[in-house]
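Each chain, letter by letter, is given below.
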Amino acid sequence: MTDTLDLVRPRTDFLALEAEYGARNYKPLDVVLTRGEGVYLWDVDGHRYLDCLSAYSAVNQGHCHPRILEAMIAQAGRLTLTSRAFRNDQLGLFYEELCTLTRSHSVLPMNTGVEAVESALKVARKWGYKVKGVPADMAEIIVCADNFHGRTLSVIGFSTDPQSTSGFGPFGPGFKVVPYGDAAALEAAIGPNTVAFLVEPIQGEAGVIIPPAGYLKAARDLCTRHDVILILDEIQTGLGRTGRLLAEEHEGIEADLTLIGKALSGGFYPVSAVLSNKEILGVLKPGEHGSTFGGNPLGCAVARMALKVLVDEGMIENAAAMGGRMTAGLRAIGGGAVKTVRGRGLMIAVELHPAAGGARAYCQALQARGILCKETHEHTVRIAPPLVITAGQIDWALEQFAAVLAA
Ligand SMILES: *Cc1c(COP(=O)(O)O)cnc(C)c1O
């Protein structure tokens, strides 16, 4: 009975409840969603939208993918959590399938993306002291300007975005910031105590910033030459989003530590992981790191199926093909409010002319036409639909973008 009553509440009630009781750390569009299927979302008033955000690329496989749902329900009725004090019959299979797919040697399972980042930073420091021989507490990690790696204190401590950092200090030492896309700056910053370079293959939150061709390859070479761990944060770029399983493949390189999350569970459950070669993760000994939920059987079962459908159903190839179609179509709109279009696979951004008056109004106009997008910063509209999108759906979306952006 309560369920039915909840469903008939008007949209404004939900907004009022959030305003009354919730922390105000988000400013969402005023759309209250209640159902999702594939590329579509429905609001409480029954309007249908094409999702062009995919929960920041966490639902690459499409909303409520039926095979992931089935795996989740089956596992939820069998065993959900044991803690790592005991073993479970999903974890080993998850490790094996993930390592085979990504050609990794070893996995550290966590939950949210930022926990994977934190874990990698801990591992890199430990490796620096135990293997590289850096003097105690002197380890240095190089990061990039305009990075986004999550919201914990240590991670925002090396953010260059004042909104992320202001009022949250003091922050821990041990990080050095270099410009993104500049291999010479990276080389100049590497010193005897540098243990790692942490970088996004494409900077998502910064506005889908694609570095110059050869940058990741150069970073790989520098890290190898100077005995520095290359950590690629593929939490957003990974798992098909850019038209490859991992974005590192575009430059034919392999990181020493690769971070994945978001779509690792197809949006069903927080699952993240640090992928590595044996030597690096091998520095962790029992008791030195952990997580109550990390590696739990429910998360593992969900992630196993989320990976399987990504590959089985050709979503990675589809992201490459549909991304090309979408980017070309957006570029063809030209004129109007559009300054530039950037994209790789289905990770796309339309940067608007500063005079166009801010991206949020355009997102609201798109919402009125049945498309959900989110602005990043002032002038950029990010477009990242689920990887199951079809050519017909892209073409329909392009008509809406043209109507809104060409005006
Ligand atoms: C989303 C994201 C994170 C943080 O993931 P959470 O699950 O929100 O903690 C880290 N790095 C990148 C590149 C991301 O896009």
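Because the structure is predicted, anything quoted here is derived from the model rather than measured. (Residues numbered from 1 in each chain as written. Predicted model: local features only at pLDDT ≥ 70, side-chain atom pairs only at ≥ 80, totals over all residues. Heavy atoms only, no water.)

Caption draft 1: How the structure looks around the sheet that holds strand S1 (residues 33-37). The sheet built from 4 strands is open, its strands ordered S1-S2-S3-S13 with mixed pairing. Strand pairing shows two members of the sheet lacking a second neighbour, S1 and strand S13 (371-372), which therefore form its edges. One ladder, built from 3 bridges, connects strand S2 (residues 40-43) with strand S3 (residues 48-51); its direction is antiparallel. The partner of Trp-42 across the bridge, within S3, is Arg-48. (Pairing = 2+ DSSP bridges. Helix = DSSP H or I, 4+ residues; strand = E, 2+ residues; numbered from the N terminus.)

Caption draft 2: Region of the structure containing the site of the ligand. Neighbouring the ligand are the residues Thr-112, Gly-113, Val-114, Phe-148, His-149, Gly-150, Glu-200, Asp-233, Ile-235, Gln-236 and Lys-262. For the ligand, an oxygen atom lies 2.7 Å from a polar atom in the side chain of Gln-236. Its residues placed into classes, the shell around the ligand shows 3 nonpolar, 5 polar and 3 charged. (Near = heavy atom within 4 Å. Polar contact = N/O pair within 3.5 Å; in protein donor to acceptor, adjacent residues only side chain to side chain. Nonpolar A, V, L, I, M, F, W, Y, C, P; charged D, E, K, R; others polar.)

Caption draft 3: Region of interest: unusual backbone geometry. In this model, Gly-169 is joined to Pro-170 through a cis peptide bond whose omega is 5°. A positive phi angle is found at Ser-54, which is not glycine, with a value near 55°. Take Ser-54: it is sitting in helix H3 (residues 54-57). When its relative accessible area of 0% is taken as the criterion, Ser-54 is described as buried. A positive phi is found at Asp-137, a non-glycine position, where the angle reads about 65°. Looking at where Asp-137 falls in the secondary structure, it is placed in the loop between helix H6 (113-132) and strand S5 (140-144). (Buried < 20%, exposed > 50% of the residue type's maximum accessible area, 1.4 Å probe, protein only.)

Caption draft 4: Local environment of the side chain of Glu-205. Residue placement: Glu-205 occurs in the loop between strand S7 (194-199) and helix H10 (215-225). In this structure, Glu-205 is in contact with Tyr-56, Phe-148, Gln-236, Thr-376, His-377 and Arg-382, ignoring residues within four places of it in sequence. (Contact = heavy atoms within 4.5 Å.)

Caption draft 5: Inspection of the nonpolar core at higher detail. Counting 61 residues, the largest nonpolar core has Leu-98, Leu-264, Met-326, Leu-330, Cys-373, Ile-383 and Phe-401 as its most contacted members. Examining the composition of this core, we find that 8 residues originate from one element, helix H12 (residues 297-312), more than from any other. Counting only domains with at least three residues in this core, you end up with domain 1 (11-64 + 314-405) and domain 2 (66-312). With sequence-adjacent residues up to four places away left out, Ile-383 is seen in contact with Cys-52, Met-326, Leu-330, Leu-346, Met-347, Ile-348, Val-350, Cys-373 and Phe-401. Grouped together as the second largest cluster of nonpolar side chains are 28 residues, Ala-139, Val-155, Val-274 and Ile-280 included. (Core = buried A, V, L, I, M, F, W, Y, C linked by side-chain atoms within 4.5 Å. Domains from an automatic or database assignment.)

Caption draft 6: Summary view of the domain arrangement of the protein chain. Taken domain by domain, the protein chain holds domain 1 (11-64 + 314-405) and domain 2 (66-312). On a C-alpha basis, the centres of domain 1 and domain 2 stand 26 Å from each other. Facing 30 residues of domain 1, the contacting portion of domain 2 comprises 31 residues. Summing the contributions of domain 1 and of domain 2, the shared interface buries around 2500 Å²; its carbon and sulfur component is 59%. The largest per-residue losses of area from domain 1 upon contact with domain 2 belong to Ile-316, Arg-344 and Met-347, which jointly make up 30% of the total buried on that side. For the pair domain 1 and domain 2, the number of links is 1 salt bridge. The partner of Glu-205 in a salt bridge is Arg-382, and the shortest N-O contact between them spans 2.9 Å. Across the contact surface, domain 1 and domain 2 share 16 residue pairs in polar contact (both at pLDDT 80 or more). For the side of domain 1 that touches domain 2, the residue count by class is 16 nonpolar, 11 polar and 3 charged. (Buried area = accessible area lost by both parts, 1.4 Å probe. Salt bridge = Lys/Arg side-chain N within 4 Å of Asp/Glu carboxyl O.)

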